[in-house]
Amino acid sequence: MTYPVPGPVRTTLPATRTTTPAPPAVPAIRGPAAPARVPRPRAPATLVPAAERMPTRKLRTGPFSVLDIGSTKIVCLIGRGEPDNTIRILGHGWRRSHGVRSGGIVDLREAESAIRNAVAQAEDMATERRDSIFVNLSCGHPESRHINARWPIGGREVTQGDVSRIIAEGRLRAISEGRSAIHTLPLDYAVDDTQEVLDPRGHLCDLLSARLHVIDANTTALRNLEAVLSRVELKIAGMVSSPLASGLAVMSEDERNLGATVVDMGGGLTSIGIFGEGRLLHTATIPVGGLHITRDIAQGLSTSIDSAERLKTMYGSAELLAGDDNEPILVQLIGDNDHHYVRISRSRIVSIIHPRVEETLEMIRDRLEMAAVGPAADGRVILTGGGSLLEGIGPMAARILNRQVRLGRPRRIVGLPENSATWPMFSTSAGLLAWAAGAADEMGEPDTRDARPGGLVRRFVDFIRDRV
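These numbers come from a predicted model, not from an experiment.

Student: I tried to follow the pattern of salt bridges on my own but got confused; where do I start?
Tutor: A side chain of one charge can pair with a side chain of the opposite charge if their charged atoms are brought near each other. One pass over the structure, following the stated rule, counts 24 salt bridges. Arg88 is the partner of Glu82 in a salt bridge, and the nearest nitrogen-oxygen pair spans 3.5 Å. Judged by its relative accessible area of 16%, Glu82 is buried. Note that Arg179 and Glu143 form a salt bridge whose closest N and O atoms lie 3.9 Å from each other.

Student: What should I look at first to understand the nonpolar core in this one?
Tutor: Where a protein is soluble and globular, its nonpolar side chains tend to be buried together. Residues Leu67, Ile115 and Leu244 are the most contacted members of the largest nonpolar core, which totals 64 residues. The leading source of residues in this core is helix H10 (residues 427-442), at nine residues. Look past the residues within four positions of Leu67 in its chain and what remains in contact with it is Ile74, Val75, Cys76, Ile115, Val119, Ile133, Phe134, Val135, Asn136, Leu229 and Leu432. Among the nonpolar cores identified, the runner-up in size contains 41 residues, and Val263, Ile393, Met396 and Ile400 belong to it.

Student: Hey, could you run me through empty space enclosed by the protein in this one?
Tutor: Gaps left between atoms show up when a probe the size of a water molecule is rolled over them. Counted under the stated rule, the structure contains two cavities of 30 Å³ or more. Of the voids in this model, the largest cavity is the one considered here, and its volume is about 190 Å³. Every residue lining the largest cavity is counted, 14 residues in all, and those nearest its centre are Leu59, Ile87, Leu248, Arg412 and Ala434. Among the secondary structure elements, those contributing two or more residues to the lining of the largest cavity are helix H4 (242-250) and H10. Considering every element that reaches the lining of the largest cavity, the biggest residue donor is H10, with four residues. Computed from the structure, the second largest cavity encloses a volume of approximately 40 Å³. Along its surface, the second largest cavity is lined by Ile69, Gly103, Ile105, Asn136, Ser138, Cys139 and Leu225.

Student: So what exactly am I meant to see when it comes to the packing of helix H6 (residues 290-301) against helix H8 (residues 346-370) here?
Tutor: The geometry of a pair of packed helices is captured by two quantities: the angle between their axes and the separation between those axes. Where H6 contacts H8, the two axes come as close as 10 Å, and the packing angle between them is 140°. Taken together, the axes of H6 and H8 lie oblique to each other. Considering only the axes of H6 and H8, their crossing is right-handed. Facing H6, whose interface residues are His292, Ile293, Asp296, Ile297, Gly300 and Leu301, H8 presents Arg348, Ile349, Ile352, Ile353, Arg356 and Val357.

Student: Just to check I follow, could you spell out the side chain of Thr86 for this structure?
Tutor: Tracing the backbone through its elements, the reader meets Thr86 in the loop between strand E3 (73-81) and strand E4 (87-96). Residue classification places Thr86 among the buried residues on the basis of a relative accessible area of 12%. Polar side-chain contacts of Thr86 include one of 2.7 Å to the side chain of Asp84.

Student: Even after reading the chapter, I still don't get the sheet that holds strand E1 (residues 2-3), so can you show me in this structure?
Tutor: The strands making up a sheet are joined through hydrogen bonds of the backbone, oriented either antiparallel or parallel. Pairing is mixed in the open sheet, where six strands are placed in the order E1-E19-E18-E13-E14-E15. The open sheet is flanked by E1 and strand E15 (279-286), the only strands paired with a single partner. Pairing geometry for E1 and strand E19 (residues 405-407), over two bridges, is antiparallel. Across the sheet, the residue bridging to Thr2 is Arg406, located in E19.

Student: What am I meant to see in the sheet that holds strand E11 (residues 207-218) here?
Tutor: Read across the open sheet, the four strands follow the order E8-E11-E9-E10; overall the sheet is antiparallel. At either end of the open sheet lies a strand with only one pairing partner, and these are strand E8 (143-152) and strand E10 (194-197). Between one strand axis and the next, the sheet turns by 35° as a mean value, whatever way the strands run. Where strand E9 (residues 179-191) and E10 come together, two bridges link them in antiparallel fashion.

Student: Even after reading the chapter, I still don't get the packing of aromatic side chains, so can you show me in this structure?
Tutor: Each aromatic ring pair is characterised by the separation of its centres together with the angle its planes make. Summed over the entire model, instances satisfying the criterion amount to one aromatic pair. Summarising the aromatic geometry, the rings of Trp94 and Phe426 are spaced 5.9 Å apart at their centres and angled 85° between planes, so their arrangement reads as edge-to-face. Here the residue Trp94 occupies a position in strand E4, and Phe426 occupies one in the loop between strand E20 (413-414) and H10, the gap between them amounting to 332 residues.

Student: Is there a simple way to think about the packing of H8 against helix H9 (residues 393-401) in this case?
Tutor: Direction vectors running N to C along H8 and H9 enclose 45°, while the axes themselves pass 10 Å from each other. Judged by the angle between their axes, H8 and H9 are oblique. Between H8 and H9 the crossing geometry is right-handed. Between H8, through His354, Val357, Glu358, Leu361, Glu362, Ile364 and Arg365, and H9, the contact on the second element is made entirely by Ile393, Met396, Ala397, Ile400 and Leu401. Here the residues of the contact of H8 with H9 are counted per class, giving eight nonpolar, one polar and three charged.

Conventions and cut-offs
- Residues numbered from 1 in each chain as written.
- Predicted model: local features only at pLDDT ≥ 70, side-chain atom pairs only at ≥ 80, totals over all residues.
- Heavy atoms only, no water.
- Salt bridge = Lys/Arg side-chain N within 4 Å of Asp/Glu carboxyl O.
- Buried < 20%, exposed > 50% of the residue type's maximum accessible area, 1.4 Å probe, protein only.
- Core = buried A, V, L, I, M, F, W, Y, C linked by side-chain atoms within 4.5 Å.
- Helix = DSSP H or I, 4+ residues; strand = E, 2+ residues; numbered from the N terminus.
- Contact = heavy atoms within 4.5 Å.
- 1 Å grid on protein atoms, 1.4 Å probe; cavity = no way out; pocket = protein on both sides within 12 Å on 5 of 7 lines; lining within 4 Å.
- Points joined across faces, edges and corners; volume = space filled by probe spheres on them.
- Axes fitted to C-alpha atoms, helices over the stretch in contact; angles between N-to-C directions.
- Parallel < 35°, antiparallel > 145°, perpendicular 65-115°, else oblique.
- Left-handed = near helix turned anticlockwise from the far one by under 90°.
- Polar contact = N/O pair within 3.5 Å; in protein donor to acceptor, adjacent residues only side chain to side chain.
- Pairing = 2+ DSSP bridges.
- Phe/Tyr/Trp six-rings, centres within 6.5 Å; stacked < 30°, edge-to-face > 60°.
- Nonpolar A, V, L, I, M, F, W, Y, C, P; charged D, E, K, R; others polar.

Note that all results are geometric; they support no functional claim without further evidence.
What follows is the structure in structure tokens.
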């Protein structure tokens, strides 16, 4: 469902009338005259919406194993790419998060136990064991920035090796003390004076330049994550930024090209990813999520965390609706008497939820205004994650953000747990599967493990080798 911007829209496009184009003229046939060809009858074409068209790039078959480590739940999915470019879930497992807070691991032993159980459940269902896994990046306070890199070509054609080396060069330049680069995503290239080149391979130039989007995180937090997975006998096959994974799962190709923002409202964090021209342009993280709403309810009503979560799920809403005062709800209070209940109205619960949701959306609006990525930040907003399931949050977000808003569910995936109404909770893990199956190629990030230049000497050797 899409929630339009209330009031006047910023830009109004003139209405156009859709007409059926005339068939193109048949070109004349050279040489001797040919008999007229009678066209064969064709079945009527089925019009497929642009958002549902399958990508031309074929998915890798897999199978692949992914792990989404969140503040409220830990999800493991095992899936494979199908010939029709969908991803089929072979096995899934999920457990309530323990030892994880705001996306970071705070208790190694509890986190290990939760991860082990989730992975074992997925492996049992898929009837196969995996020793490597793709993991989401939400720990270590991820940060997003742009850098420029250059690589000498010397008048010859740009090769794939040159592209890998300039990205590796940018990755080295992005290294700062205590931080490790996770993504080095090319936004565009320049071959000499020609700007905004999407694919420089085959171009002749003297100097190749690249504008890169780097996402890094705290090195210690990443090492702790790797240590926990090694205890579960798993190796990290790849690490993917959470908003990037969510965007790959819920956004159409047209949305990524025209400019749109995905907002993943998780339990401990709200992550933001701004896309434009098919690339991820900017990411940001807000340390507020659904757990903060649950704690607000628990404190405001003097009830337990479990009871507050139930009240939020069953009766919660972002905005007050007509008749909320007429709906009495029983709430169990914490204290000496375990059977002490009070009656409250639904409006009491909404009055606690509303300020927190409003604050979160205002923080999202501020991050979008600070992103400085141009018109892409003004595009449609796609809400996903467990927090997006809160009643009334769509219209409220459209009003505060002053943008079109829709709810995002994972696309082109078969066999997710639960039901389609709760699929936004699995957007990150579904996006991880898409990344493993080949979406990394669409984002333009090559494997630079064997192409990283090692200082001035190594770069000089590569420069000479490419020209001999």
